[in-house]
Amino acid sequence: MLNINKIYYGGDYNPEQWTEEIWREDMRLMREAGVNLVSLGIFSWAKLEPKPGLYQFDWLDRILDLLHANGVQVALATATASPPPWFSRLHPESWPVAADGISYKPGSRQFYCPNSAAYREASSRLAGEMARRYGQHPAVWMWHVNNEYGCHVHECYCPVCTKTFQEWLRERYKSVDVLNDVWGTAFWSLGISDWADVQLPNRTTSYRNPAQVLDFRRFMNHSLLNLFKAEIEAIRSTGATQPLFTNSVFGLKALDGFEWAKYQDVTAIDMYIDPAHGDQAWKDGAFWHDLTRSWGRGKPYLLVEQTTSQVNWRAVNSLKAPGTIRTLSYQALARGASSVMFFQWRASKSGAEKYHAGMIPHYGVDGSRIFAEVKQIGAEFAHLERLGSQQAHAQVGILFSYENVWALEIDSKPAQLDAWNVLRPWYNALIEQNIPLDFIHPNDDLSRYKVLIAPLLYQISEAQAENLKSFVQAGGLLLMTYFSGVTDLNERIWLGGYPALLQNLLGIKVEEWQPFQPGKTNQMLVDDKSISCSHWADLLYTTTAETIATYIEDFYAGRPALTRNRYGAGTAYYAGTLPDQAWLRNWIKKICAEQGVESLVEADPDIEAGLRAGAYGSSTLVLVNHANRTAQVDLMGKRGRSLLDERPVTNNLTLDPYGVMVLELEQ
Ligand code: GLA
Ligand code: ZN
């Protein structure tokens, strides 16, 4: 059982890179910085098991005792993320293979095939040894299992994976006839008569079979999840009961976070927004925070890594401007995280990440602007303990599934699509006006939401279609966009006009669509105004829906662009195109208002607001100004007490450049 009752603050701690004299300095500085949690020893396998089966735990014993004596809790790594060179030497069959059939060579990290039995065995053995030794250690609060599964290798094309894929398909489909049907292999003469005919969807002459590609993505997600489950089993079989998690990767699409969350006591994210992205940077951060919280169905989650300043793995690595280590840390609190941690405590002196910032820079701590900001945040967080157990709630859901992302991005579509790009305008329209939202899987219980938005929910099952219909029938409001409900879960079109299963719900029928060439836009006539629209135009017919907007230009001028349909006690809107962002924001605001859903605050555009609620009606509003200029916030009648300086706050307030405020609200 995970009991979070404060804000955890700290970072990855890799003492194996430093002398024990430095460890003692680390302890002093951790106290000075307010650090109360570290993820320990993530990449220390070679040091813990320098030869097969020969374990060296003495150094880890010493540092754990030291951390404990200094009041720092530990998320102890199972240390399995990077197998040591002896492992790769002994198990060449574990070397991952790229889509072109060429094997990677040892010399970096995460060097293993996701289906390697030797890796699964060695990693779960080490996890078990760790748990046996430290399962009762008072410093060990949690297990940090492995690290960023799939970050570097989320696909492998080796012979072992081919064979395992064939077995996985056999288990899933039972007969080759079913497989042929599901994969639509009648097309291009791809029918198989034996499981051994199945190859991985490697580099080939033209398009690969889309249904096969989709299954391959499912299979690789499943293979990596199996590695995670094997480590969990090894830990639990020793009787160790500490809660556990694995840290997910910012931007990674390959792993199904909803599925992985089922095996974790808390969800966790590593957050690497690009400071060079201007305004979009904090919105990218918000997206990943919302997603991570949603995997865990709204429970507090962990921000396990971010950087104090530069990373070293982009073509050009921008630093984080003074004040933004703090604003991005408060963003985590605003969106429901209960820890703020960094990679890593001390910037390395050698190795491939020595130009990556740390909480302690190469410069040292005296006079360091980075360490000063790190210390300030730590000192402030000590006043914010109450937030730790409070949860962020939302009344708006964005329908989202990884399978949909995978399917959407497979090539041979009407236009090449990037799932994040197509989602972003709809997501941004909500957060730009501080309307809280969750991501919600289309199989889930939808009844706790008042408004659902379904941007390009391309694939849909019969059960999911029924789920959406019941939601609207019962009084919910759905806004669905173009290119939704087009296929089943295996890339087979639902025939009879798109989106066939949802025509009654939406009161429309789509025959064709026009994806726009780059730079092309159209106009819509809405409320006697002409509004720009982009990306796509569905050519639709209304059946029972009323038309809200019509296209102005091109051969389909006059045809409906936006529609509304009453269904049961609810309403279903449909957007056949992507409206201009400012207009979209207003439209979504109006749509939310129909259901009584409002913005948390009215504020300048650089303000991010989040609300967390806890037991006995207590709630806390977190405000972050992401710009280097003052910003105004209208609290819309809310009143409270600022937890950082104990001031009472009512109505309108001004936030300093890069300012933050945490308000305990009056009940
Ligand atoms: C990932 C890893 C860390 C480190 C950082 C660098 O998040 O988990 O070990 O490599 O990236 O940004
Ligand atoms: Zn493989």
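Chains are numbered independently. Their residues run from 1 in the order of the written sequence. Going through the entries in the order they are written, you letter the chains from A and number the ligands from 1. Two thresholds apply to this predicted model, a pLDDT of at least 70 for residue-level local features and 80 or more for giving and counting side-chain atom pairs, whereas whole-chain, interface and lining totals are computed over all residues. Computation of side-chain values covers all heavy atoms of the structure but excludes hydrogens and water.

A.B. asks: How would you summarise unusual backbone geometry if you had to cite specific residues and measurements?
C.D. replies: At the junction of Phe 343 and Gln 344, the peptide bond is cis and its omega measures out at -5 degrees in the coordinates. By definition, any uninterrupted DSSP run of H or I lasting at least four residues is a helix, any uninterrupted run of E lasting at least two residues is a strand, and each is numbered from the N terminus. Structurally, the position occupied by Gln 344 is in the loop between strand E9 (337–342) and helix H12 (369–381). Geometrically, the link from Tyr 498 to Pro 499 is a cis peptide bond, its omega value of -25 degrees lying close to zero. Relative to the helices and strands, Pro 499 is located in the loop between strand E14 (477–481) and helix H16 (503–506). A positive phi angle is found at Ser 412, which is not glycine, with a value near 65 degrees.

A.B. asks: Got a sec to walk through the coordination of the zinc ion (ligand 2)? Specific residues and values, please.
C.D. replies: Under perfect tetrahedral coordination by four donors, a metal shows angles of 109.5 degrees; under perfect octahedral coordination by six donors, it shows angles of 90 or 180 degrees. Each metal's donors are the N, O and S atoms within 2.8 Å of it, or within 3.2 Å when it is Na, K or Ca, and because water is not part of the set, sites may look incomplete. Coordination of the zinc ion (ligand 2) by the protein involves Cys 113 (SG), Cys 156 (SG), Cys 158 (SG) and Cys 161 (SG), with metal-donor separations of 2.2 to 2.3 Å. Taken in chain order, the donor set of the zinc ion (ligand 2) reads C-x42-C-x1-C-x2-C. Here Cys 156 matches Cys 161 in class, with each residue buried. Categorising residues by exposure relies on relative accessible area from a 1.4 Å probe, with only protein chains included: less than 20% of the type maximum marks a residue as buried, more than 50% marks it as exposed, and the intermediate range marks it as partly exposed.

A.B. asks: Tell me about the site of ligand 1, and name the residues and values.
C.D. replies: The cutoff for a nearby residue is simple: one of its non-hydrogen atoms must lie within 4 Å of the molecule or strand. Neighbouring residues of ligand 1: Phe 43, Arg 109, Asn 147, Glu 148, Asp 270, Tyr 272, Glu 305, Trp 313, Phe 343, Glu 353 and His 356. Any pair of N or O atoms that falls within 3.5 Å is considered a polar contact. Within protein, one atom must be able to donate a hydrogen and the other to accept it, and sequence-neighbouring residues count only if both atoms are side-chain atoms. The contact in question runs from an oxygen atom of ligand 1 to an N or O atom on the side chain of Arg 109, over 2.9 Å. Between ligand 1 and Glu 353, the relevant distance is 2.4 Å, taken from an oxygen atom to a side-chain nitrogen or oxygen of the residue. Methods summary: accessible areas were calculated by the Shrake-Rupley approach with a probe of 1.4 Å, and residue burial reflects only the protein chains presented. Contact with the protein chains hides 97% of the accessible area of ligand 1, taken as 300 Å² for the molecule alone. Any residue that is not Ala, Val, Leu, Ile, Met, Phe, Trp, Tyr, Cys, Pro, Asp, Glu, Lys or Arg is counted as polar, Gly included; the first ten are nonpolar and the last four charged. For the shell around ligand 1, the residue count by class is 4 nonpolar, 2 polar and 5 charged.

A.B. asks: Describe the layout of surface pockets, naming the residues involved and giving the relevant values.
C.D. replies: With a 1 Å grid laid over protein atoms only, a set of points is called a cavity when a 1.4 Å probe fits there but cannot get out and a pocket when it is open yet has protein on both sides within 12 Å along at least five of seven lines; lining residues have an atom within 4 Å of a point. Grid points are joined across faces, edges and corners, and a volume is the space filled by probe spheres set on the points. Of the pockets and cavities examined, the largest pocket occupies roughly 690 Å³. Of all the secondary structure elements, the ones that give two or more residues to the lining of the largest pocket are helix H2 (45–48) and helix H4 (85–90). Class assignment of the residues belonging to the lining of the largest pocket gives a composition of 11 nonpolar, 12 polar and 5 charged. Taken as a whole, the second largest pocket holds about 500 Å³ of empty space. Taken together, 24 residues make up the lining of the second largest pocket; nearest its centre are Phe 187, Asn 209, Pro 210, Ser 412 and Glu 491. When grouped by side-chain class, the residues that make up the lining of the second largest pocket number 14 nonpolar, 5 polar and 5 charged. Residues lining the lining of the second largest pocket come from more than one domain, with at least three contributed by each of domain 1 (36–241 + 257–266) and domain 2 (396–594). Note that domain bounds follow an automatic or database assignment of domains.

A.B. asks: Talk me through the packing of aromatic side chains; I want residue IDs and the actual numbers.
C.D. replies: Centre distance within 6.5 Å is the pairing criterion for rings of Phe, Tyr and Trp, where only the six-membered ring of Trp is used; planes under 30 degrees apart are then read as stacked, over 60 as edge-to-face, and the remainder as tilted. Counted by the stated rule, this structure contains 47 aromatic pairs. Ring geometry for Tyr 55 against Phe 57: centres 5.6 Å apart, planes inclined by 5 degrees, an arrangement best described as stacked. For Tyr 55, a relative accessible area of 21% gives the class partly exposed. A ring pair is formed by Tyr 573 and Trp 587, whose centres lie 5.7 Å apart and whose planes are at 90 degrees; its orientation type is edge-to-face. Here the residue Tyr 573 occupies a position in strand E21 (residues 570–575), and Trp 587 occupies one in helix H17 (residues 581–594), the gap between them amounting to 14 residues. An aromatic cluster of at least three residues, connected via ring pairs, comprises Phe 250, Phe 258, Phe 287, Trp 288, Trp 295, Phe 400, Tyr 402, Trp 420, Tyr 427 and Phe 439. Lying across the ring of Trp 420, Lys 253 places its NZ or CZ 5.3 Å from the centre. We note Arg 559 situated over the ring of Tyr 541; from NZ or CZ to the ring centre the distance is 4.7 Å. Charge-over-ring contacts are defined here by two conditions on Lys NZ or Arg CZ: a distance within 6 Å of the ring centre and an angle within 35 degrees of the ring normal.

A.B. asks: Which residues make up H17, and what values go with them?
C.D. replies: For H17, spanning 14 residues, the distance from its first C-alpha to its last is 20 Å, which sits close to the expected 20 Å at 1.5 Å a residue. All of the buried residues along H17 are Trp 583, Leu 584, Trp 587, Ile 588, Ile 591 and Cys 592. Down the axis of H17, the buried side of the element spans an arc of 170 degrees, and every buried residue falls inside it. Looking one or two places after H17, you find Gly 596, whose phi comes out positive at around 75 degrees. An expected span of 1.5 Å times one less than the residue number is assigned to each helix. For this quantity, the arc is that covered by the directions from the helix axis to the C-beta atoms.

A.B. asks: Can you tell me about the environment of Ala 281, naming the residues and giving the values?
C.D. replies: Within the fold, Ala 281 resides in helix H10 (residues 279–295). Given a relative accessible area of 6%, Ala 281 falls into the buried group. Separated by 47 residues in sequence, Ala 281 and Leu 328 have C-alpha atoms that sit 9.8 Å apart. The contact definition used throughout considers only heavy atoms, calling two residues in contact when any of these lie within 4.5 Å. Residues contacting Ala 281, with those up to four places away along its chain left out, are Ile 273 and Asp 274.

A.B. asks: Break down the pattern of salt bridges for me, citing the residues and quoting the values.
C.D. replies: Just to be clear on terms, a salt bridge is a Lys or Arg side-chain nitrogen sitting within 4 Å of an Asp or Glu carboxyl oxygen. Tallied over the entire structure, the rule returns 44 salt bridges. Measuring nitrogen to oxygen at the nearest pair gives 3.0 Å for the salt bridge that ties Lys 283 to Glu 432. In this pair, Lys 283 sits in helix H10 while Glu 432 sits in the loop between helix H14 (419–431) and strand E12 (437–440), placing the two residues 149 residues apart along the sequence. Overall, Glu 432 belongs to the buried group, its relative accessible area being 18%. Arg 641 is the salt-bridge partner of Glu 664, the closest N and O atoms lying 2.6 Å from each other. A residue pair is termed long-range when its members are at least 10 positions apart, and Glu 664 in strand E28 (residues 660–665) and Arg 641 in strand E26 (residues 631–642) qualify at 23 residues. We classify Glu 664 as buried; its relative accessible area is 19%. Each of the salt bridges in this network shares a partner with another, and the network as a whole consists of Glu 25, Asp 26, Arg 28, Glu 32, Arg 346 and Lys 375.

A.B. asks: Before we move on, could you go through the sheet that holds strand E7 (residues 268–270) and cite the residues and values that matter?
C.D. replies: In sheet architecture, strand pairing relies on hydrogen bonds along the backbone and comes in two forms, parallel and antiparallel. Being paired, for any two strands, means DSSP has found at least two bridges between them. Read from one edge to the other, the open sheet built from 9 strands follows the order E5-E4-E3-E2-E1-E9-E8-E7-E6, with strand pairing classed as parallel. Two strands close off the open sheet at either side, each with one partner strand: strand E5 (244–245) and strand E6 (248–249). In this structure, strand E1 (residues 8–13) lies alongside strand E2 (residues 37–40), joined through 4 bridges in parallel fashion. Its bridge partner lying in E2, Gly 10 is registered against Leu 37. Comment: axis = line fitted to C-alpha atoms, over the contacting stretch for helices; angle = value between 0 and 180 degrees taken between N-to-C directions. Of the strands in this sheet, E1 and E2 are in contact with helix H1 (residues 20–33), which crosses E1 at around 155 degrees. Packed on one face of the sheet, H10 meets E6, E7 and strand E8 (301–305) and runs near 155 degrees to E7.

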